Structure formats: structure tokens, C-alpha cells
Amino acid sequence: MYKVTKELRFCYGHRLLNYQGICMHPHGHNSKVEVELTLSSLDERHMVVDFGEIKGTIQGWIDEKIDHKMVLHKDDPLVKVLGELHEPMFLLNTNPTAESLARLIYEFAASKGFPVSEVRLWEGFTSYASYSQSKHEVAGEAVAYSKP
Ligand SMILES: [Zn+2]
């Protein structure tokens, strides 16, 4: 199998619901994302995917939708308050954990036809969450509340 991994970066704010700890309060992260793509055969350019295409499409979407936004559960009471102040948000059907963000980016990459095999989301220097999917797995409801 051939694999390529592109590193992308963005900043986001969030808070976690039903959670006791410092992440229950609004705060932000400087995040690094590793998007891993896998194919068994190369294209006519002898590439899995051109790194520039990954950056253009996925970093472009992240910059527009998530970068410097508050990423919140759609039922978070903050949504009403920030909405009234016209603050930018990105809403999820799930708690906005690193795991949920990894899956969000995975689902976006897959929806654009990238042969994504894993997304790792670093929430700082020492911790990352990853998401991948087997062909037989049913993932259930998409993590993004507002569709990409
Ligand atoms: Zn956090």
C-alpha cells in the first residue's frame, strides 16, 4: 500500500458538555492535523494524491469553517449567546472533543473523494486523537451538525 500524510494546522475554541475538568470552560487550542491517505496503486503521475490538492481542498475548508471559530455541541447554551453576538461558530452533533474533530475532518476528506485512511488531530504537543473507518463499519449520524 502507498500512503501519504499531509500536516495541516488551525486554531479553534471549544468547551465540553457533561465533563468535569478544565475543558468544561471555553478555551482554545493550536491544533495540528495529520491527514493520511492510502491507495494500493498510484495515479498516472505516480502519486497517491498531490500534497497541494490535499492542502488546497482540506486546509481551505478548515480555514473557512473551523479556523478561529468556536466549535460547540449544537445543544450547548453558549450557541444562543454567541449567536446573538454574531460570533462565528461551527456546530457538531457530538461533544467537540479531539476525537469528534478528527472524525469531522475525516468525513469531509472522504466526501471530497480523498482516499483517507486516518485523521489524527493533535490537541497540543503531547496528545492526539485519531479516526479511521473500516469498509464494513456503519458510522451512524455524521458528526457535523451544519453540513459542509
Ligand atoms: Zn480543549
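The structure we're discussing is the one just above.
Note that this is a predicted model, so its numbers are computed, not measured. (Residues numbered from 1 in each chain as written. Predicted model: local features only at pLDDT ≥ 70, side-chain atom pairs only at ≥ 80, totals over all residues.)

Novice: Tell me what's going on with the overall build of the protein chain, and back it up with residues and numbers.
Specialist: For the protein chain, the count of helices and strands is 3 helices and 6 strands. Written out in order from the N terminus, the α and β elements of the protein chain read β-β-α-β-α-β-α-β-β. Against the compact-globule benchmark of 15 Å for 148 residues, the protein chain has a radius of gyration of 16 Å, which places it among compact chains. Expressed along its principal axes, the backbone C-alpha trace of the protein chain runs to roughly 50 × 30 × 30 Å. Per-residue burial over the protein chain gives 28% buried out of 148 residues. (Helix = DSSP H or I, 4+ residues; strand = E, 2+ residues; numbered from the N terminus. Rg over C-alpha atoms; globule rule 2.2 N^0.38 Å. Buried ≥ 20, exposed ≤ 12 C-beta atoms within 10 Å, placed from the backbone.)

Novice: I'd like a rundown of the nonpolar core, residues and numbers included.
Specialist: The biggest cluster of nonpolar side chains holds 31 residues, and the ones touching the most others in it are V35, I58, A102, I105, A109, V119 and L121. The set of elements that each furnish at least two residues to this core consists of β1 (2-14), β2 (27-39), α1 (51-65), β3 (69-73), β4 (89-92), α3 (98-111) and β5 (116-122). Tallying contributions element by element places α3 first for this core, with 8 residues. (Core = buried A, V, L, I, M, F, W, Y, C linked by C-beta atoms within 7 Å.)

Novice: Please provide a residue-by-residue account of the pairing of β5, values included.
Specialist: The element β5 is extensively covered by neighbouring structure, given that 5 of its 7 residues are classed as buried. When β2 meets β5, the two strands line up antiparallel, connected through 6 bridges. When the sheet's bridge partners are listed, L37 is paired in β5 with V116. Pairing between β5 and strand β6 (residues 128-131): 4 bridges, direction antiparallel. Looking across to β6, one finds that L121 is bridged to A129. Between the antiparallel neighbours β5 and β6 lie 5 residues, among them G124 with a positive phi of about 120°. (Pairing = 2+ DSSP bridges.)

Novice: Would you mind going over unusual backbone geometry in detail, with residue names and values included?
Specialist: Not every positive phi belongs to a glycine, and N18 is a case in point at roughly 55°. Relative to the helices and strands, N18 resides in the loop between β1 and β2. The residue H86 is not glycine, and still its phi comes out positive at about 60°. Structurally, H86 is set in the loop between α2 (78-84) and β4.

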